[in-house]
Amino acid sequence: MAISSALRRAPWAAAARGLLASRSAWRAHHPQPRPHRAERSALLSSLSAPQPGAAADAQLLRVINYEISCAQQDCKKRDWAKELGEGFPFEIQDKEGTNKITLTRRDQKERIEVEAFLPSPADSAEQNGEQEDQVEDDNRQGHDSAAANQYYIPLVVKIHKGSASSLEISCRSYPDELAIESLAFGSRDGSVDSSDVEARISNLPKEFQQAFNSYLKSRAISSDVMDFLHAYMINKECHEYLSWLRKVKGLIKR
């Protein structure tokens, strides 16, 4: 889908925060247990014993149908253009059946492209390694921060300068933080120069890292846009999982 540029001319930040506040915590590619649904336990417990072919197929279809009914309750049809109103700074391109969306906009002499992928589980060990200097702060914050960072949205921000090359910035968007991972140069012809080596942002001075955060914010990669992306990608994840379940059901029924 695409939201026309005509819909991008008025304030929308409050709507983005509202979308984030109302988002589901549901995960499609890594479904979470629903302990309040006793029928799920009863259904799955019957799978422990081997089943004859036809009975096994029927049992599998019952499980799939149950998952479909749960996903239908969780997934929401969203009219994003209406919910955001006017003023959203990007055009949204979303193709059903894919694991990403693309946001695009033009800013002066630049073309900015943001590729956002479906949520990924956060690596707690990696996060602990990156945040050793913040142990005292983390202890004061308690479990709230850990719960918030159980997933992230992978992002690739491409800043196109003219027609020859682009700057590619790989990021992780956590619910409460945008972390820049690496910088690289891209070229339309696919050629790679020996000087165009990808650099991990963690190996660069703190001042450099902070300056790049400001660089992204000045190009509308703001906290409000990140709030919207989290709401959008979680909702997309749900619909993609529902579509996948229906395809599996169709193959089993053949």
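Each remark here, short or long, concerns the structure printed above.
Our subject in this report is the structure included herewith. (Residues numbered from 1 in each chain as written. Predicted model: local features only at pLDDT ≥ 70, side-chain atom pairs only at ≥ 80, totals over all residues. Heavy atoms only, no water.)

## Some points on the layout of surface pockets
- What the second largest pocket holds in volume is close to 430 Å³.
- In terms of lining residues, the second largest pocket is bounded by 15 residues, among which Lys 77, Asp 94, Glu 96, His 239 and Glu 240 are the most central.
- If you tally residues by element for the lining of the second largest pocket, the top one is helix α9 (residues 223–253), at eight residues.
- The residue inventory of the lining of the second largest pocket, partitioned by class, reads four nonpolar, three polar and eight charged. (1 Å grid on protein atoms, 1.4 Å probe; cavity = no way out; pocket = protein on both sides within 12 Å on 5 of 7 lines; lining within 4 Å. Points joined across faces, edges and corners; volume = space filled by probe spheres on them. Helix = DSSP H or I, 4+ residues; strand = E, 2+ residues; numbered from the N terminus. Nonpolar A, V, L, I, M, F, W, Y, C, P; charged D, E, K, R; others polar.)

## Overview of the environment of Leu 183
- With respect to the helices, strands and loops of the structure, Leu 183 is situated in strand β7 (residues 177–187).
- On the basis of relative accessible area, Leu 183 is assigned to the buried category, the value being 9%.
- Residues Leu 183 and Glu 198 lie 15 residues apart in sequence; the distance between their C-alpha atoms is 5.6 Å. (Buried < 20%, exposed > 50% of the residue type's maximum accessible area, 1.4 Å probe, protein only.)

## With respect to the pairing of strand β2 (residues 100–107)
- Pairing analysis gives four bridges linking strand β1 (residues 91–94) to β2, with the strands arranged antiparallel. When the sheet's bridge partners are listed, Asp 94 is paired in β2 with Ile 101.
- Between β1 and β2, which pair antiparallel in sequence order, lie five residues; one of them, Gly 97, sits at a positive phi of approximately 90°.
- Note: β2 against strand β3 (residues 110–117), eight bridges, orientation antiparallel. (Pairing = 2+ DSSP bridges.)

## Thoughts on the packing of helix α1 (residues 13–21) against α9
- Direction vectors running N to C along α1 and α9 enclose 40°, while the axes themselves pass 8 Å from each other. Between α1 and α9, the angle is such that the two are oblique. α1 and α9 meet at a crossing whose hand is left-handed. Of the residues in α9, those in contact with Ala 13, Ala 16, Arg 17, Leu 19 and Leu 20 of α1 are Asp 224, Asp 227, Phe 228, His 230 and Ala 231.
- Residues belonging to the contact of α1 with α9 are distributed by class as follows: six nonpolar, one polar and three charged. (Axes fitted to C-alpha atoms, helices over the stretch in contact; angles between N-to-C directions. Parallel < 35°, antiparallel > 145°, perpendicular 65-115°, else oblique. Left-handed = near helix turned anticlockwise from the far one by under 90°. Contact = heavy atoms within 4.5 Å.)

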